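Single-letter residue listing:
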Amino acid sequence: MGPSMATFTFDPYPSKQALLLFNVARKASRSQQLVRSERRMFAASDDNAMMKQILSTHAPDGRLVDVKPILLIIDNVLRHITPEIDQALPAGSGRIDSFDDPTNLSAIDGVLDALAYIVHKISCEISCKCAGGGDAHATTMVILNMLSSYSWDAKVVLMLAAFAVNFGEFWLIVQLCTTNTLAKSVALLKQLPDVLEHSQTLKPHFDALNKLIKAMIDVTKCIVEFIELPCEYISSEVPPLSTAMASIPTAVYWTIRSVVACAAQITSLVGLRQEFVTSTSEAWELSSLAHKVSSIHEHLRNLLRLCYQCIEEKKQEETYKEFIRIIETSQMESSKIFRVIFRKEDPHPLFSPTEKTRVDIDVLRRKHVLLLISDLDISLDEIQVLEVLYKYERASSSELSYEIVWLPIVDRSAWNDSYQQKFLNLQSIMPWYTVNHPSVIEPAVIKYTKEKWRFVKKPIVVTLDPLGKVTCTNALNMMWIWGNAAFPFSTDKEESLWKSESWTIELLVDGLEPNLPNWMREEKVICFYGGEKMEWIESFASATKKAAQTLEIGLEMVYVGKNNAKERVKKISGLITEKQLSHSWQDASVWFFWNRLESMLYSKTQHGKTSDPDIIKQEVMTILGYDGSEHGWAIFFLGTTEMVRANGERVLSSMQSFEEWEEMARQMGFIPALRKHLEGITDDHHCTRLILPGISGGIAERVVCAECGRPMEMYFMYRCCVE
């Protein structure tokens, strides 16, 4: 490629400057007439009369022209000449390299063989009309008539091809005439000016020319894209494609009109040698056309964007229906479902944590698969607890019982480097399969997870058996309550497990307190309590210990914190340990305790089909209701099932007035006496709140108060963050 126009230099000889000034004066009158004429044309060209004139030239005979190979050549020709076009092409587009492939050369040659005559004819017409100083509009209409039997996209591509021939020949001679004898001789015969020598004078001329050529190429590519849109997903009879198709004739007209203007500018240089000049009017003509064509391109791009949006929506609707059909129909194996979940364009959508590389979905063939569905705000606590279950299953079984696949649901329109890093950080700590990138998940599947599996924000686990059947739309509740004992995590298994459960201290604590077996063997009274007011905690712990000492009974107290108050609970736990008030759980145990209670409530709500009172559900709701209040609470156990519980005010008041029911405690026992004493306390006023995070359905519409038994009112609460 020859030197860039930006590096040309100008040879300032006085005689040549004088000649240039003379030419400016000589052309001034004609230029003003051209300006007025072009302005009138720009203002009136797109009215109904003009549109009818353009459409009258269109009489396609149905012939099909493969325009893409021709556009490939036009790109290569013009980007060698115009630096702006060269810079606009994406890096690594391979347009030049494509000519090295004999197959491509043969295909392109075959297409052009049948079109060589019409391209040559248009080329000659352009040269002839421009050399004679013909009217640009009239020339455009002549060419449209010559191309009447071709489609709109073929018209504009063939016109650009003819221009590329003329402009390419001109520039080849200009670039080679200083080093090639043949080119120099041809330049003399054509009387081409020394463009390279006078580049500074011509620079505004070629800058405007470059912008116009780029705009012409952009519009042409848009037109070709419209013609190639898949008719099975979008109709040319309805907007936005119908709007675009109505705009294409005008776009074709102005593109051809611009080609004529460019050709006229180039032709004006031929034969002038050192007498050429670029007038203000000529620069205005090119700039005005560039603005006009660029506006057309912007309009077409907007319509094209709407078309692609419609196509994508139709494709997603089709994929959505296909996914529903597959996911709700018995399969021979699960891989069919995964081939719909992930985009077909990505042959290796999964990332293996053990192999540290991308893998195919065949690794999931004929296995139980747990789809972990969440956003990027999934907590480390959830990952850690799930990791314990996942690794324990592998350590205790000779064969892998199930695989986990993380499907992160994200807003792709807001994706940025920060989200990317967050995704990679989460991926790095998960020991199971994850997607290689959230974008590999089909949007239709994301829609299904929200509409059918009711995923909102709280993570869910959807289980698939080896045949691809969905056995549970959220097994996370089962996993938190029973762990791997709930495998294969089906709704039938969940119902069976609940039938064998009763409200016991083991169900409540589930191994979170390692000392529990010893305490129960020693027949100690065990108290679990929560809250976030240190003053109440100190008063309650002191009064309860004093009562136990008076009765000379064994007592163990465990602080279980408060839900969604991690930092405050951590601070309180430190003070409890420092003051030796009681035992206190660490962060992970506190989180798991409250998460299990919520999971019990959700699971019970989904399976609460009988009219019989559900003791477990009622007790769980009571403790969650206590936690939702501003006060503390406590629950006492003796043995497996003997139990009493109360809110913070009542239980503290009872402990501080222990002397009132001490004798009863000596006769009946601590827990029965405390229960009877609490039954005799009536509250003038109480306020119980049950606060639950948003989940995938299953919330009970009717909840009764744990204190008075009256139905509670339902409210919505929004929280921006959780500690």
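Residues numbered from 1 in each chain as written. Predicted model: local features only at pLDDT ≥ 70, side-chain atom pairs only at ≥ 80, totals over all residues. Heavy atoms only, no water.

An unreviewed UniProt entry annotates the protein chain as Protein SIEVE ELEMENT OCCLUSION B-like originating from Gossypium anomalum.

Things to note about the overall build of the protein chain
Heads up, the rule is: Where helices and strands are cited, they refer to DSSP runs of H or I of at least four residues and of E of at least two residues respectively, numbered from the N terminus. Each residue is assigned to one of three classes by its accessible area relative to the maximum for its type, calculated with a 1.4 Å probe on protein chains only: buried under 20%, partly exposed between the two thresholds, exposed over 50%. Whether two residues are in contact is decided by their heavy atoms: any pair within 4.5 Å suffices. Here the Shrake-Rupley method, with its probe set to 1.4 Å, supplies the accessible areas, and only the displayed protein chains count as covering residues.
Helix and strand counts for the protein chain stand at 27 helices and 12 strands. For the protein chain, the proportion of its 723 residues judged to be buried stands at 50%. Considering only intrachain contacts with a sequence separation of at least 6, the fraction spanning at least 24 residues in the protein chain is 74%. Approximately 35,500 Å² of the protein chain is accessible, and the part contributed by carbon and sulfur atoms is 53%.

Structural notes on the sheet that holds strand β10 (residues 583-584)
What counts, and what does not: Following DSSP output, two strands are said to pair if at least two bridges run between them. Angles here are taken between N-to-C directions and fall from 0 to 180 degrees, while the axes themselves are lines fitted to C-alpha atoms, restricted in helices to the stretch in contact.
Spatial strand order, β10-β9-β8-β11-β12: 5 strands in an open sheet with mixed pairing. Whereas interior strands pair on both sides, the edge strands pair on one side only; in this sheet they are β10 and β12 (642-647). The strands touched by helix α25 (residues 648-656) are β11 (633-638) and β12; relative to β12, the strand with the most contacts, the crossing angle is about 110°.

Re the nonpolar core
Note the threshold: Residues grouped as a nonpolar core are buried Ala, Val, Leu, Ile, Met, Phe, Trp, Tyr and Cys residues, joined through side-chain atoms within 4.5 Å.
Core analysis: the largest hydrophobic core is formed by 129 residues, its most contacted members being L371, M479, W503, F528, Y529, F540 and F636. In terms of residue count, the dominant contributor to this core is helix α21 (residues 534-551) (9 residues). Each residue touching W503, except ones within four places of it in the same chain, is listed here: L508, I615, I616, E619, V620, I623, I635, F637, T641 and M643.

Some remarks on the environment of L364
On the secondary structure map, L364 appears in the loop between β2 (357-359) and β3 (368-374). Considered as a pair, L364 and S334 are 30 residues apart in the sequence and their alpha carbons are 7.7 Å apart. With near-sequence residues (within four places) excluded, L364 lies in contact with S334, F338, L350, V369, E403, V405 and Y433.

As for the pairing of strand β8 (residues 525-530)
Here is the rule we go by: Handedness is read with the strands pointing away from the viewer; a crossover is right-handed when the path from the first strand over the helix to the second is clockwise.
Summarising burial for β8: 6 of the 6 residues are buried, a large majority. Across the two faces of β8 the burial is the same, with V525, C527 and Y529 and I526, F528 and G530 all buried. The β-α-β motif built from β8, the intervening α21 and the parallel element strand β9 (residues 555-559) has right-handed crossover chirality. In this sheet, β11 lies alongside β8 in antiparallel orientation, the contact comprising 6 bridges. Note on β11: the bridge partner recorded for Y529 is A634.

As for the confidence of the model for the protein chain
Filter applied, for reference: Scored between 0 and 100, pLDDT is the confidence that the predictor attaches to each residue.
Within the protein chain, residue pLDDT values average 80, and 77% of them lie at 70 or more. Considering each helix and strand of the protein chain separately, the mean pLDDT is smallest for helix α1 (residues 14-44), with a value of 37, and largest for β9, with 97. Segment residues 84-98 is flagged for pLDDT under 50; beyond a separation of four residues in sequence, or across chains, it makes 26 contacts in the model. Segment residues 273-278: pLDDT under 50, and 21 contacts once partners within four positions in sequence are set aside and those in other chains are kept.

A few points about the sheet that holds β2
An order of β2-β1-β5-β4-β3-β6-β7 is seen for the 7 strands of this open sheet, with the pairing classed as mixed. Two strands close off the open sheet at either side, each with one partner strand: β2 and β7 (470-472). Each strand of the sheet is rotated relative to its neighbour by a mean of 35°, with strand direction disregarded. Sheet topology note: the strand β6 (residues 460-464)/β7 ladder contains 2 bridges and is antiparallel. The residue bridging L464 from the neighbouring strand is V470, located in β7.

Some remarks on the pattern of salt bridges
Where we set the bar: In what follows, salt bridge is the name for a side-chain nitrogen of Lys or Arg lying within 4 Å of a carboxyl oxygen of Asp or Glu.
Overall, the coordinates contain 26 salt bridges when judged by the stated rule. One salt bridge in this structure joins K457 and D377, with 3.0 Å as the shortest N-O distance. On the criterion of sequence distance, the pair formed by K457 in the loop between α16 (443-451) and β6 and D377 in the loop between β3 and α14 (380-395) is long-range, its members being 80 residues apart. D377 gets classed as partly exposed once you look at its relative accessible area, which sits at 47%. Members of the salt-bridge network, linked through shared partners, are D375, D377, K422 and K457.

Describing helix α27 (residues 670-679)
Within α27, 7 of the 10 residues are buried, which leaves it mostly tucked inside the rest of the structure. If you check which residues of α27 are buried, you get F670, I671, P672, A673, L674, H677 and L678.

A few points about the pairing of strand β4 (residues 402-408)
Extensive coverage of β4 is indicated by the burial of 7 of its 7 residues. Burial along β4 is two-sided: Y402, I404, W406 and P408 facing one way and E403, V405 and L407 facing the other are all buried. Relative to β4, β3 is paired through 7 bridges, and the arrangement is parallel. Each residue of the ladder has a partner; that of H368, found in β4, is Y402. For the segment spanning β4, helix α15 (residues 417-429) and strand β5 (residues 433-435), crossover handedness is right-handed.

Examining the packing of aromatic side chains
Formally: The pairing test for Phe, Tyr and Trp rings, Trp by its six-membered ring, is centres within 6.5 Å, and the orientation test on the planes gives stacked under 30 degrees, edge-to-face over 60, and tilted for anything in between. Any Lys NZ or Arg CZ found within 6 Å of a ring centre and within 35 degrees of that ring's normal is scored as a charge over the ring.
A complete count under the given rule lists 32 aromatic pairs for this structure. An aromatic cluster is built from Y529, W536, F540, Y559, F636, F658, W661 and F670, whose rings are joined through pairwise contacts. Sitting over the face of the ring of Y150, R63 holds its NZ or CZ atom 4.5 Å from the ring centroid. The cationic tip of K155 hangs over the ring face of W152; the distance from NZ or CZ to the ring centre is 5.1 Å.

Here we look at unusual backbone geometry
Negative phi characterises most residues that are not glycine, and trans characterises most peptide bonds. Along the chain, P239 connects to P240 via a cis peptide bond; the corresponding omega equals 5°. Considering the arrangement of structural elements, one finds P240 in the loop between α10 (199-227) and α11 (241-267). Here F487 and P488 are connected by a cis peptide whose omega angle stands at 15°. Within the fold, P488 resides in the loop between α17 (476-482) and α18 (491-499).

Structural notes on the environment of S123
Mapped onto the secondary structure, S123 falls in helix α6 (residues 116-131). Taking the C-alpha atoms as reference, S123 lies 7.2 Å from V165; in sequence the two are 42 residues apart. With residues near it in sequence (within four places) discarded, S123 still touches A162, V165 and N166.

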